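# Structural features, examined
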Amino acid sequence: MTVSKREQVVIYLHGFLSSPQSVKAQQTKAFVEEHYPDLTFYIPQLDNHPKPAANALDELIAQHPNADFGFIGSSMGGYFSSYLLEHYGGKAVLINPAVQPYNLLADYLGEHVNPYTKQKFSLDESHTRDLTSFDTKSLASPQNYWVLLQTADETLDYRQAEKKYMGAKLTIEEGGDHSFQGYERFLKDIFQFLLHD
């Protein structure tokens, strides 16, 4: 009897006020096209509001009922990657992930324009509350996470992620910034972790 191989799906999740056109997303796409041309790979444009963003991701995952999932999440995308991994299983690589973005969002209430999509949108306290509903208070399998942090992140305190993801694979580099300088250096190892370990 032959056991059919499960489909492998990798989803890249960009951060707040970002898009699939961001530098890291495009570097990841180029790497996949060169090294894993047959991989099912997505970089969805996430909604600027938490609930529609999460709903769209749930729907995307539902399209692949027999798949093994890998998630790559930057900043807010790291927050959603943790939510998805805890609900659907798989593995995740988080890049300078937001740990408590609902606390940060208080400083971002009001009108915004996404610099990539030029879409105008507004955030209010209901969106902050929505964001808390996707928090992962504990990690069922920390070993399924790899967290990349740079200590000079100007947006997030890397120590929050270091504490939350204790027990995960952690790479902490001195300096850098919130975008995670030199991300492309890790692409080979990221896909090795997500697909082969």
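Just so you know, the residues in each chain are numbered from 1, in the order the chain's sequence is written. Local features in this predicted model are restricted to residues of pLDDT 70 or higher, and side-chain atom pairs are both shown and tallied only at a pLDDT of 80 or more, whereas totals for entire chains, interfaces and linings draw on every residue. To obtain the side-chain values, all non-hydrogen atoms of the structure were used and water was disregarded.

## Re the overall build of the protein chain
Secondary structure follows DSSP: runs of H or I at least 4 residues long count as helices, runs of E at least 2 residues long count as strands, and numbering of each begins at the N terminus. For the protein chain, the helix and strand inventory stands at seven helices and eight strands. Just to be clear, the radius of gyration here is over C-alpha atoms, and the globule rule we use is 2.2 Å times residues to the power 0.38. Relative to its length of 197 residues, the protein chain is compact, with a C-alpha radius of gyration of 16 Å against a globular reference of 16 Å. By its C-alpha atoms, the protein chain is 60 × 35 × 30 Å across when sized along the principal axes. To sort residues, take the accessible area from a 1.4 Å probe on protein chains only and compare it with the maximum for the residue type: under 20% means buried, over 50% means exposed, and anything in between is partly exposed. Out of the 197 residues belonging to the protein chain, those deemed buried represent 50%. Every accessible area reported is derived by Shrake-Rupley at a probe size of 1.4 Å, with residue values counting cover from the shown protein chains alone. Summed over its atoms, the accessible surface of the protein chain is roughly 10000 Å², and 49% of this surface lies on carbon and sulfur atoms. A distance of 2 Å separates the average location of the 16 positive side-chain charges in the protein chain from that of its 25 negative side-chain charges. Under this rule, positive means Lys or Arg and negative means Asp or Glu; His and the chain ends count for nothing. Working definition for charges: the position is that of NZ of Lys, CZ of Arg, CG of Asp or CD of Glu.

## Notes on unusual backbone geometry
One non-glycine residue, S75, lies in positive phi territory at about 55°. Positionally, S75 belongs in the loop between β3 (67-74) and α3 (76-88). Under the relative-accessibility criterion, S75 is labelled buried at 12%. Positive phi, close to 40°, is recorded for N96, a residue that is not glycine.

## Focus: the packing of helix α1 (residues 23-35) against helix α7 (residues 187-195)
Here the axes come from fitting lines to C-alpha atoms, over the contacting stretch only for helices, and the angles between their N-to-C directions go from 0 to 180 degrees. Contact pair α1 / α7: the axes reach a minimum separation of 11 Å and the direction vectors enclose 70°. Between α1 and α7, the interaxial angle falls into the category roughly perpendicular. Crossing hand, α1 versus α7: right-handed. Contacts from Q27, T28, F31 and V32 of α1 reach α7 at L187, K188 and F191. Grouping the amino acids of the contact of α1 with α7 by side-chain chemistry returns four nonpolar, two polar and one charged. Each angle is binned into one of four classes, with values under 35 degrees roughly parallel, values over 145 roughly antiparallel, values of 65 to 115 roughly perpendicular, and all other values oblique. Should the near helix be turned anticlockwise from the far one by less than a right angle, the crossing is left-handed, and should it be turned clockwise, the crossing is right-handed. Two residues form a contact once any of their heavy atoms are found within 4.5 Å. Classification convention: Asp, Glu, Lys, Arg as charged; Ala, Val, Leu, Ile, Met, Phe, Trp, Tyr, Cys, Pro as nonpolar; all other residues, Gly among them, as polar.

## With respect to the packing of helix α2 (residues 50-62) against α3
Contact geometry of α2 with α3 gives a least axis separation of 11 Å together with a crossing angle of 40°. Taken together, α2 and α3 sit at an angle that is classed as oblique. Crossing of α2 over α3 shows right-handed handedness. Residues P50, A53, A54, L57, D58 and I61 of α2 form the contact with α3, whose participating residues are F80, Y83, L84 and Y88. Class assignment of the residues belonging to the contact of α2 with α3 gives a composition of nine nonpolar, no polar and one charged.

## Considerations on the sheet that holds strand β7 (residues 145-150)
Spatial strand order, β2-β1-β3-β4-β7-β8: six strands in an open sheet with parallel pairing. Where the open sheet ends on each side, the last strands, each with one partner, are β2 (40-42) and β8 (169-173). Strand-to-strand twist in this sheet, taken as the mean axis angle between neighbours without regard to direction, amounts to 10°. Strands are labelled as partners when DSSP assigns at least two bridges between them. Across five bridges, the pairing between β7 and β8 is parallel. Of the residues in β8, the one forming a bridge with L149 is I172. Those strands touched by α2 are β1 (7-13), β2 and β3, and its axis lies near 165° from that of β1.

## Remarks on the environment of D153
Inspection of the secondary structure assignment puts D153 in the loop between β7 and α6 (158-164). For the pair D153 and G77, spaced 76 residues apart in the sequence, the C-alpha separation amounts to 16 Å. Discounting residues that sit within four places of it in the chain, D153 has contacts with N96, D177 and H178. Here a polar contact is taken to be a pair of N or O atoms separated by no more than 3.5 Å, where protein atoms must pair a possible hydrogen donor with a possible acceptor and residues adjacent in sequence count only if both atoms sit in side chains. Of note is the side chain of D153, whose polar atom sits 2.9 Å from the side chain of H178.

## Some points on the layout of surface pockets
Here a cavity means grid points, on a 1 Å grid over the protein atoms only, where a 1.4 Å probe fits yet cannot get out; a pocket means an open set of points with protein on both sides within 12 Å along at least five of seven lines; lining residues are those with an atom within 4 Å of a point. Grid points are joined across faces, edges and corners, and a volume is the space filled by probe spheres set on the points. Of the volumes computed, that of the largest pocket is approximately 620 Å³. No other element matches the three residues that α1 contributes to the lining of the largest pocket. In terms of residue class, the lining of the largest pocket is made up of 14 nonpolar, twelve polar and three charged. The computed volume of the second largest pocket comes to approximately 150 Å³. Every residue lining the second largest pocket is listed: K5, E7, Q8, Y36, D38, L39, T40, L195 and H196. Looking at the lining of the second largest pocket residue by residue, the class counts come to three nonpolar, three polar and three charged.

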